[in-house]
Amino acid sequence: MIYLDYQATTPIAPEVVAAMRPWIEEKFANPHSPSTWGREAAAAVEVARGRIEAAIGLPDGRFVFTSGATEAINWALKGTFENSKRRKLVTIATEHAAVLDTAEWLQEERGVEVVRLGVGPDGLIDLKAAEMAIDDGTAMVTAMLVNNEIGVIQPIAELSALARGHRAVMLCDAVQGFGRMAIPEGPDLIAVSGHKVHGPKGIGGLWMKNGAEPAPLLHGGGQELGLRSGTLSPAMCVGFGEAANLAAQRRDADSAHIEKLFEIASSSFGQGWIINGSVSHRYHGNLNLRRDGLDGARLISDLRNLAFSLGSACASGSGRPSHVLRALGLTDREARSSIRLGFGRYTGEEELASACRRIDDEARAQLGFLA
């Protein structure tokens, strides 16, 4: 098996497994207990929190653990509108379903006006259109740093400045960018996830600028700084903290490796392939490309010992063409002829080149170019 689905999830780092093991086996205490064991677990959680805050690298804020980025995004959106008298949300048509579905809920159940900004064929928004949409009635602006399907990097700093100019809250879904690049200054709320940075699944969180805290989404014991209720898993928190620390330490080395991998992958495909989304404003651990007439789902089925995808793992099973690719102006047929390759820290150069050649050969066979 060659794994090329890093946007769906990343392989857990061996250092993370080692860091988590004691907290799964013998150090199992509740971190909210006043016992000696509980205080030890609570201290480990705080060390992990500090590591994640350091990896985010922005001042004047604090990080709260959640069950993942989906909870963090739901909390940020719903909690911000709970606190605000303004009733307008500005987002982007290519956002993750966690944003778009929550926006739809706010529209239908809370009467929020939702503006979904379109993108160009390169997947980037028009900042002039954003400037026209964001006004004094806007409570919140939300945008993804790195798109999970096409890897395009949106201008988060500029959008944050537009939001700040109208005293609107800026939410950045940094799930695909955290640990891989610097998060631009400006957002008030930042959602991140553990399993996208070689950490465990089922853990994520929301970084909140001081004064921008959303109203609680979950009620109960208020364990997380009085803002989020629920017993924390020290093992999961420690694992996420270790993964964030590793990502910060290895960011330059990981980035150099990914640039080399992108060069290899881009040059391994023959003529007829088209990259979806901007190449220059893109995280290079993502290669989303299409070929006319290709059946992407069949290609994945025929190459079962290669792990790659059609797009978002959250939506691939729906049978619907990608909303991200449709937003770029692609037809349903073009969207279904697209595949997404994701690679990173543990991808070998030779295995990537081999996998790309096999995908290219199988695509040519499917299209009748080979006997």
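Below is a summary of the structure that appears in this document.

Reading the values: the criteria
- Residues numbered from 1 in each chain as written.
- Predicted model: local features only at pLDDT ≥ 70, side-chain atom pairs only at ≥ 80, totals over all residues.
- Heavy atoms only, no water.
- Core = buried A, V, L, I, M, F, W, Y, C linked by side-chain atoms within 4.5 Å.
- Buried < 20%, exposed > 50% of the residue type's maximum accessible area, 1.4 Å probe, protein only.
- Helix = DSSP H or I, 4+ residues; strand = E, 2+ residues; numbered from the N terminus.
- Contact = heavy atoms within 4.5 Å.
- Pairing = 2+ DSSP bridges.
- Axes fitted to C-alpha atoms, helices over the stretch in contact; angles between N-to-C directions.
- 1 Å grid on protein atoms, 1.4 Å probe; cavity = no way out; pocket = protein on both sides within 12 Å on 5 of 7 lines; lining within 4 Å.
- Points joined across faces, edges and corners; volume = space filled by probe spheres on them.
- Nonpolar A, V, L, I, M, F, W, Y, C, P; charged D, E, K, R; others polar.

## Overview of the nonpolar core
Here comes step 1: In this structure, Ile 56, Phe 65, Phe 178, Ile 190 and Phe 240 are the most contacted members of the largest nonpolar core, which totals 60 residues.
Here comes step 2: In terms of residue count, the dominant contributor to this core is helix α7 (residues 234-267) (nine residues).
Here comes step 3: Discounting residues that sit within four places of it in the chain, Phe 65 has contacts with Val 45, Ala 48, Arg 49, Ile 52, Ile 203, Gly 204, Gly 205, Glu 224, Arg 228, Leu 232, Cys 237 and Phe 240.

## Topic: the sheet that holds strand β7 (residues 189-193)
Within a sheet, each strand pairs with its neighbour through backbone hydrogen bonds, oriented either parallel or antiparallel.
Here comes step 1: The sheet built from seven strands is open, its strands ordered β2-β8-β7-β6-β5-β3-β4 with mixed pairing. A strand with exactly one partner marks an edge of an open sheet, and here the two such strands are β2 (61-66) and β4 (113-117). Averaged over all neighbouring strand pairs, the angle between strand axes comes to 20°, with direction disregarded.
Here comes step 2: Inspection of the sheet shows strand β3 (residues 88-92) paired to β4 by five bridges, in the parallel sense. Looking at β4, one finds that Thr 91 is bridged to Arg 116.

## Some remarks on empty space enclosed by the protein
Here comes step 1: Under the criterion given, the structure shown has two cavities of 30 Å³ or more.
Here comes step 2: Roughly 30 Å³ of internal volume is contained in the second largest cavity.
Here comes step 3: Taken together, Val 90, Thr 91, Ile 92, Leu 117, Ala 130, Ile 134, Val 141, Thr 142, Ala 143 and Leu 159 make up the lining of the second largest cavity.
Here comes step 4: Of all elements in the fold, only β3 and β5 (138-144) reach the threshold of two or more residues within the lining of the second largest cavity.
Here comes step 5: Looking at the lining of the second largest cavity, its residues break down into eight nonpolar, two polar and no charged.

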